[in-house]
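Architecture at a glance
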Amino acid sequence: MNRRTMTGGLLSLMLLLAPASAQTAPATPATPSAAPAARPIPAANYVAVGGYYYEQGKYDQAYVAYRAAAELEPSNPAALLGLGRAQVKLRLYSAGITTLQKLVTLDPRNFDAQIALSQAFVQQYIGAGDRTLVAANLGAALKVLQDAEGVAQAATQSGDLLLSRVWNERGYVYKLQGDAARAIDAFKRAIALNGENAILLYNLGDMYYATGNVPLALDNLQQAVILDPRDPFNRAYYAKLLALSGNVAAAKPEAAQAARLAPKNAYAVGQYGVVSYLARDAVTARAQLTQAVTLDPLRYPEFYYYLGRLSLDAGDLKVAREQFTRASALGSQNAEYAYYLGLSYERGAGAVAPDRLKARENYERALKLIPGYKDAQDALNRVR
């Protein structure tokens, strides 16, 4: 995504928010009568400021600006779209869905609003502690995407690009539904419509990896890196897959490059840590993983998991349990996180005693998530 830039820092933002009459120094008044009342700040100015903050990842400030715009003009499409997106970024899912539903009702042909609404349903599903409470969200997302497809098909320009976005979103929903075949087909359709898009290749590669097809996953991730060599997500994920496939020598420089490209990107920094762990470089792994969870403490449970692995390897069971607990809380559907949390409780060292009850609870949870998980079953047999 191209980032908009604004020069002048705070001064530019102040000028942007100021009403037009305040942006030009007035001539000296002919009489000492009271100055004319300042014009109210237009909603469009707040929208522009909201867009600036949103692109900078400052979603709380974007929310404030978009909300001000929506209060001034309750039917302003740009204000409602920005507000809904900011609400979702701040995990105010229900409010974001309500805002975007209002926009779609006001403007049923607004393609971006439909895509954003679909994404809001999906994000609420992902972020739910109990997904059974929002089980209908994925179906609702697909229904919105059906409407978006109709808008895309009617578009006189860029119709294929719009359709590729619809298929990309569908692929992600199918993935969450556990329908890997339909997800792969959806991402392929998106690529057929927009073959020069690195994000689509990334998503297809991710699905191939999820289904165990590492060669095709690597092929698509490599193509994504070639198409967009400065994208840290593509390169970091490609590096991890190289490492997991056993090619650690090629993986580590790729991961290091991703972190250099985006030193404030938690994903890139964290995957450098993951690759370093797989390369048996514990010092670099710990430094990068710690930096990643500092940059973004809530998004990537994988990084807490690998920090836990580092502590478990070092025999520091107290810290290992803390890290695996964080990983399991954020990645509650991941059986491996539960298994390793159980393993950390099963073991004892020094002043840290084994806790067979908690070990058993976590092994049972891992088996509930993946029935027949052999390592978890073997461990459960040990602690019963």
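That block above? That's the structure.
Let me sum up the structure you'll find in this document. Quantities reported herein were computed from a predicted structural model and do not represent experimental measurements.

With that out of the way, let us pick up the packing of aromatic side chains. Applying the stated criterion across every chain, the model contains 16 aromatic pairs. Geometrically, the ring pair formed by Tyr 202 and Tyr 237 is tilted, given 5.1 Å between the ring centres and 45° between the ring planes. Of this pair, Tyr 202 sits in helix 10 (residues 198–210) while Tyr 237 is found in helix 12 (residues 232–244), placing the two residues 35 residues apart along the sequence. Each member of the pair, Tyr 202 as well as Tyr 237, is classed as buried. With centroids separated by 5.8 Å and ring planes inclined at 35°, the aromatic side chains of Phe 324 and Tyr 340 adopt a geometry described as tilted. In this pair, Phe 324 is assigned in helix 17 (residues 317–330) and Tyr 340 in helix 18 (residues 335–346), connecting sequence segments 16 residues apart. The buried category is assigned to Tyr 340, whose relative accessible area is 14%. Ring-pair connections join several aromatic residues into one group, and the members of that group are Tyr 277, Tyr 305, Tyr 306, Phe 324, Tyr 337, Tyr 339, Tyr 340, Tyr 363 and Tyr 373. A cation over an aromatic ring shows up here: Arg 170 above the ring of Trp 167, its NZ or CZ 4.6 Å from the ring centre.

Within the secondary structure layout, Tyr 373 lies in the loop between helix 19 (356–369) and helix 20 (374–383). Measuring from C-alpha to C-alpha, the distance between Tyr 373 and Ala 279 comes to 26 Å, with 94 residues separating the pair along the chain.

Further remarks concern the pattern of salt bridges. Close approach of charged atoms allows side chains of opposite charge to pair. This structure, assessed with the given rule, holds 12 salt bridges. Between Glu 346 and Arg 382 there is a salt bridge whose closest N-O contact spans 2.8 Å. Here the residue Glu 346 occupies a position in helix 18, and Arg 382 occupies one in helix 20, the gap between them amounting to 36 residues. Accessibility expressed as a relative area gives 18% for Glu 346, which makes it buried. Judged by relative accessible area, Arg 382 falls into the partly exposed class, the value being 42%.

Cut-off values and rules
Residues numbered from 1 in each chain as written. Predicted model: local features only at pLDDT ≥ 70, side-chain atom pairs only at ≥ 80, totals over all residues. Heavy atoms only, no water. Phe/Tyr/Trp six-rings, centres within 6.5 Å; stacked < 30°, edge-to-face > 60°. Helix = DSSP H or I, 4+ residues; strand = E, 2+ residues; numbered from the N terminus. Buried < 20%, exposed > 50% of the residue type's maximum accessible area, 1.4 Å probe, protein only. Lys NZ or Arg CZ within 6 Å of the ring centre and 35° of its normal. Salt bridge = Lys/Arg side-chain N within 4 Å of Asp/Glu carboxyl O.

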